[in-house]
Amino acid sequence: MLFFLLFSTLALCVQAIDIEAGFLYGMRTVADSQIKKVYGNGSCMFPFVGVNIWKGLGLAIGYETGFSRDGKIGLYEEPTTLKVGGFIVSLVYQHRLGLVAPYLGLGYGSFSYEQTIDSPYAFEKVDATQGGLVISAGIKVYPLKNVFICGDFKYIPLKVKPFEETVDLGGMRLSLGLGASFGL
Amino acid sequence: MKRIVLVVGLVLMISSALGAKPWVLVSSSDFGHYYVLDLGTWPVSVLGFFNISLIVGLLDVEPYPNNCYALFSTHDAGAVVRIDITDPNHPIESSSLDLSGRAFAPLDIAIPKEGGFAVVGEGSNMNRIVFIDLTDPDFKTYSIYHLKTDGAAAEAVAVTPDGQTVIICDSWHNRIIYGQVNESKSGLVSENTLSTQFLPINVSISPDGRTALVVNFFSQSFSVLRIDGPGAVVPGSPSSLLVWTYPQSIAFSPDGSRAYIYSTSYSSWPDRLSCYSVIAPGQVNPHITLVDLMSKSGAAYFGVDLLAVSLDGMLAIAGGWLDPGGLSQVLLDSYDVSLIPLKSYEHPRGLAVFDEALVYPPAEPTCTRLVNDFIFYKEYVNRLTWSVNPNNLGAPVTVRIYRKNLGEPDSEFQLLQEFDQSLASYDDRGLRKDQNFVYRFTSVLRTGKESLPTDLETNFGGLMFKK
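Cut-off values and rules
- Residues numbered from 1 in each chain as written.
- Chains lettered and ligands numbered in written order.
- Predicted model: local features only at pLDDT ≥ 70, side-chain atom pairs only at ≥ 80, totals over all residues.
- Heavy atoms only, no water.
- Helix = DSSP H or I, 4+ residues; strand = E, 2+ residues; numbered from the N terminus.
- Rg over C-alpha atoms; globule rule 2.2 N^0.38 Å.
- Buried < 20%, exposed > 50% of the residue type's maximum accessible area, 1.4 Å probe, protein only.
- Contact = heavy atoms within 4.5 Å.
- Pairing = 2+ DSSP bridges.
- Buried area = accessible area lost by both parts, 1.4 Å probe.
- Salt bridge = Lys/Arg side-chain N within 4 Å of Asp/Glu carboxyl O.
- Polar contact = N/O pair within 3.5 Å; in protein donor to acceptor, adjacent residues only side chain to side chain.
- Nonpolar A, V, L, I, M, F, W, Y, C, P; charged D, E, K, R; others polar.
- Patch = residues over 30% accessible without salt bridge, like charges linked within 9 Å, V, L, I, M, F, W, Y side chains within 5 Å.
- Areas by Shrake-Rupley, 256 points an atom, 1.4 Å probe, with all protein chains shown as cover.
- pLDDT = per-residue confidence, 0-100.
- Core = buried A, V, L, I, M, F, W, Y, C linked by side-chain atoms within 4.5 Å.
- Phe/Tyr/Trp six-rings, centres within 6.5 Å; stacked < 30°, edge-to-face > 60°.
- Lys NZ or Arg CZ within 6 Å of the ring centre and 35° of its normal.
- Axes fitted to C-alpha atoms, helices over the stretch in contact; angles between N-to-C directions.
- Disulfide = S-S within 2.5 Å.

Novice: What exactly am I supposed to notice about the overall build of chain B here?
Specialist: Within chain B, the secondary structure is distributed over 1 helix and 36 strands. Relative to the compact-globule value of 23 Å for 467 residues, chain B shows a C-alpha radius of gyration of 25 Å, a close match. For the C-alpha atoms alone, the extent of chain B along its principal axes is close to 90 × 70 × 45 Å. Each of the 467 residues in chain B was classed as buried or not, and the buried ones make up 57%. Once local pairs closer than 6 in sequence are excluded, the contacts in chain B between residues at least 24 apart make up 53%.

Novice: Mind showing me how you'd approach the pairing of strand 4 (residues 78-94) of chain A here?
Specialist: In the case of a regular strand, side chains alternate between the two sheet surfaces. Residue and element names in this part refer to chain A. By the bridge criterion, 15 bridges tie strand 3 (residues 57-73) to strand 4 in an arrangement that is antiparallel. Along strand 4, the bridge assignment pairs Leu-57 with Tyr-93. Linkage of strand 3 to strand 4, two consecutive antiparallel strands, is achieved through a turn of 4 residues, within which Gly-74 is found at a positive phi near 80 degrees. Sheet topology places strand 4 next to strand 5 (residues 100-117); 15 bridges connect them, and they run antiparallel. Within strand 5, the residue paired with Gln-94 across the bridge is Tyr-103. Here strand 4 hands over to strand 5 after 5 residues, with Gly-98 in that stretch at a positive phi of 70 degrees.

Novice: Got a minute to help me understand the interface of chain B and chain A in this structure?
Specialist: When the parts of a complex come together, some accessible area is lost, and that lost area is often taken as the interface size. On the chain A side, the residues contacting the 17 residues of chain B number 26 residues. Interface area lost by chain B to chain A is led by Ile-375, Phe-376 and Tyr-377 of chain B, which between them contribute 46%. The interface formed by chain B and chain A holds 3 salt bridges in total. Of the charged contacts, one joins Glu-78 of chain A and Arg-429 of chain B as a salt bridge, the two residues approaching to 3.0 Å between their closest N and O atoms. Run the count over chain B and chain A and you get 8 residue pairs in polar contact (both at pLDDT 80 or more). Counting only elements with at least two residues in the side of chain B that touches chain A, the list comes to strand 29 (363-373), strand 30 (378-387) and strand 33 (425-431) of chain B. Across the side of chain B that touches chain A, the residue classes tally to 8 nonpolar, 2 polar and 7 charged.

Novice: Could you clarify how one ought to interpret the pattern of salt bridges in this entry?
Specialist: Pairing between side chains becomes possible if they bear opposite charge and their charged atoms approach one another. All names here are of chain B. This model, assessed by the stated rule, comprises 20 salt bridges over all chains. Linking Arg-446 and Asp-84 is a salt bridge whose minimum nitrogen-to-oxygen distance equals 2.8 Å. Here Arg-446, found in the loop between strand 34 (437-444) and strand 35 (454-457), pairs with Asp-84, found in strand 6 (residues 79-84); they are 362 residues apart in sequence, far enough to count as distant. Looking at Arg-446, the relative accessible area reads 35%, which means it is partly exposed. The salt bridge involving Asp-428 is made with Arg-403; its shortest N-O contact spans 2.8 Å. Taken together, the residues Asp-428 in strand 33 and Arg-403 in strand 31 (residues 398-405) connect sequence positions 25 residues apart. Here Arg-403 falls in the partly exposed class, since its relative accessible area comes to 23%.

Novice: What's the story with a nonpolar patch on the surface in this structure? I'm lost.
Specialist: Residues Leu-106, Leu-133, Ile-135, Tyr-155 and Met-172 of chain A make up a contiguous nonpolar surface patch of about 420 Å² in total accessible area. Mapped onto the secondary structure, Leu-106 of chain A falls in strand 5.

Novice: Before we go on, may I ask you to explain the confidence of the model for chain A in this structure?
Specialist: Regions with low pLDDT should not have their predicted coordinates read in detail. All names here are of chain A. Summing up the model confidence of chain A, the mean pLDDT is 88 and the portion of residues at 70 or higher is 91%. Note on residues 1-5: pLDDT under 50 across the span, and 3 contacts to partners over four residues away in sequence or across chains. Contacts from residues 10-14, a stretch scored under 50 in pLDDT, to residues over four places away or in other chains number 4 contacts.

Novice: Is there a simple way to explain the side chain of Ser-119 of chain A in this structure?
Specialist: Residue placement: Ser-119 of chain A occurs in the loop between strand 5 and strand 6 (126-144). Looking at Ser-119 of chain A, its side chain comes within polar contact range of the side chain of Glu-78 of chain A, at 2.9 Å. A distance of 3.0 Å separates a polar atom in the side chain of Ser-119 of chain A from the backbone nitrogen of Tyr-121 of chain A. If we ignore the near neighbours within four places in the chain, the residues touching Ser-119 of chain A are Glu-78 of chain A together with Arg-429 of chain B.

Novice: Just to check I follow, could you spell out the nonpolar core for this structure?
Specialist: Across soluble globular proteins, nonpolar side chains show a tendency to be buried alongside one another. If you look at the biggest cluster of nonpolar residues, it comprises 36 residues, and the most contacted ones within it are Leu-213, Phe-222, Leu-273, Val-284 and Leu-307 of chain B. Look past the residues within four positions of Phe-222 of chain B in its chain and what remains in contact with it is Leu-213, Val-214, Val-215, Asn-216, Ser-239, Ser-240, Leu-241, Val-243, Ile-261, Tyr-276 and Val-284 of chain B. In this structure, Phe-48, Phe-67 and Phe-148 of chain A together with Tyr-377 of chain B belong to the second largest nonpolar core, which totals 34 residues.

Novice: Just checking my understanding: could you explain the packing of aromatic side chains for this structure?
Specialist: Both the distance between ring centres and the angle between the ring planes are used here to describe each pair of aromatic rings. Summed over all chains, the structure comprises 26 aromatic pairs over all chains. With a centroid separation of 5.6 Å and an interplanar angle of 80 degrees, the aromatic rings of Phe-163 of chain A and Tyr-377 of chain B are classed as edge-to-face. Here Phe-163 of chain A is found in the loop between strand 8 (159-160) and strand 9 (167-168), whereas its partner Tyr-377 of chain B is found in the loop between strand 29 and strand 30 on a different chain. Of the residues examined, Phe-163 of chain A reaches a relative accessible area of 23% and is grouped as partly exposed. A centroid spacing of 5.7 Å and a plane angle of 55 degrees characterise the contact between Phe-437 of chain B and Tyr-439 of chain B, whose relative ring orientation is tilted. Here Tyr-439 of chain B falls in the buried class, since its relative accessible area comes to 0%. Connected via pairs of aromatic rings, a cluster forms that spans Phe-198, Phe-217, Phe-218, Tyr-246 and Tyr-266 of chain B. It is Lys-140 of chain A that lies over the ring of Tyr-103 of chain A; its NZ or CZ is 5.4 Å from the centre. When the ring centre of Phe-148 of chain A is taken as origin, the NZ or CZ atom of Lys-140 of chain A, which lies over that ring, is 5.0 Å away.

Novice: Would you explain the pairing of strand 19 (residues 232-242) of chain B in this entry?
Specialist: Residues and elements named next belong to chain B. Sheet topology places strand 18 (residues 221-229) next to strand 19; 7 bridges connect them, and they run antiparallel. By the bridge assignment for strand 19, Ser-221 is matched with Leu-242. Hairpin connection of strand 18 to strand 19: 2 residues between the antiparallel strands, including Gly-231 at a positive phi of 75 degrees.

Novice: I tried to follow the sheet that holds strand 15 (residues 192-195) of chain B on my own but got confused; where do I start?
Specialist: Adjacent strands of a sheet pair through backbone hydrogen bonds, lying either parallel or antiparallel. All names here are of chain B. Taken in spatial order, the 4 strands line up as 12-13-14-15 in an open sheet, and their pairing is antiparallel. The open sheet has two free edges, formed respectively by strand 12 (156-159) and strand 15, since each of these has just one partner strand. The sheet shows a mean angle of 20 degrees between the axes of neighbouring strands, taken without regard to direction.

Novice: I would appreciate a short explanation of the state of the cysteines in the present structure.
Specialist: All names here are of chain A. One pass over the full model with this rule turns up 0 disulfides over all chains. Residue Cys-44 stays outside any disulfide, its sulfur separated by 12 Å from that of Cys-150, the closest cysteine. The class of Cys-44 is buried, set by a relative accessible area of 2%. For Cys-150, a relative accessible area of 2% puts it in the buried group.

As structure tokens, then:
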């Protein structure tokens, strides 16, 4: 819905719109050592669409998903699952150099996270949302006119404090993907 | 009607005078039978008749100091059988120590009040006694001690209440062997001998551990000994006294001021109870009170105690299974004698009085605060530990842990968990950081009897201490 609203607004404002759509898949690291120890690094998927606003400056929106990790937690090594995912909206500057186009992005992510622990003594429910900065960079290669292969790097610091403990759910994402651009 | 009320009142008065709870275990010569007498009734009645799994005659019987178990010796089967007597109405065979593989034929059993071990004499004349570790819940730990004294036999044994001194009747050499128990309760650090008269077959030590009497069967006498310290035994005063007929067993009154000797005969003379005053350690007043008994044993049972005195010292029970069949009960203030009739198959041998089972709370309770890190929040855990109380001597108890909030003296303790005592740790989970409690530990017997509690207060962030 957010995507639809954003896209409709831009379509009304801009006469000729260059649009991209793509899909990234890659590795997602975890900054917090305890999270890493219990759940480990994982993978993530990031479908996205973007729109060129003006001379390489564009707006991209996507949804990061796929980070769902199981582990054993605590003194009693009880089964646990951590899921993290969320929307990212970024302002991206892309500079086209022939077949390649490096880009930089700065945005905002709204992430939901949920921890479940299979224990009668897990007395708190961890299921919340937290927003944070998203820094991204990457390069697109256009083997065909409207098709690109993308290598993407994101760094997302995401400090959360649902209770008394502050936990960094952030980390890096190293992804590869495929996309297409077309004009409306 | 008035007569009935009067009789009932009299019975209650006598029962009260005799003490309400003690019982007597009686081993039988027949097929692993034993039975329990109820001393809380008058006349004394047979509470129940029970079997062990071995089909063999039982000899001596000895209760543990905490009255949770009793041991029976089975000479012919080479075993010492442990019976759970926490519920006198329903004793249960708990386990047995099979010594037949060592050609050991158990006779007399002695258990000191302190020390957590039993000493067992044997009937195979192989110069040995066995030390059994009573703290082993599985009843499997023992050591055979070979006497250093040449040609020794060890039929009857006695141990001082402090568990320091053992006296052994070397019956066929007319002497006693005595010595100090070693630190590991597995043997003697020293051995010495004292001559007795002809065929010493039983020995008993007074409750204060200072006087020992040895009955010399064929001499129709008993020897008096004074115990001066661990492993130190000297002749008493007088060194011996004659008794009528063949003395078999000795029992002291609970306060140690009187000694009773049960003697039998091979003739038509009745079995007798001889009563003496113990006037000082190792000193016996030669004045004798003789009581003819109504039962008769007519045999020399080496080391088997055929005489027991109630815990209040008011009543003696004496054995004997020849005609007319039964046990004699003697009121020791009036010396009135009556018969406890037994059925034809109830052939009594060893006798032992036991009281209500004692149970002690778990020992050395501790609490350690643990933090269970769930990353986003922390669960606090109180890890409670305890150890088996050695005074329970392996008794089958469960451990109960109760809890209440610290600083709420008027609140009730809530039961947290109940465990088998072998589980010596429990994690009280799901706690918040600032929660502190008073934990209460108790031990519970199978009868439901609960020990006095041991309390433990937690004050994390401050001190933790045991009450």
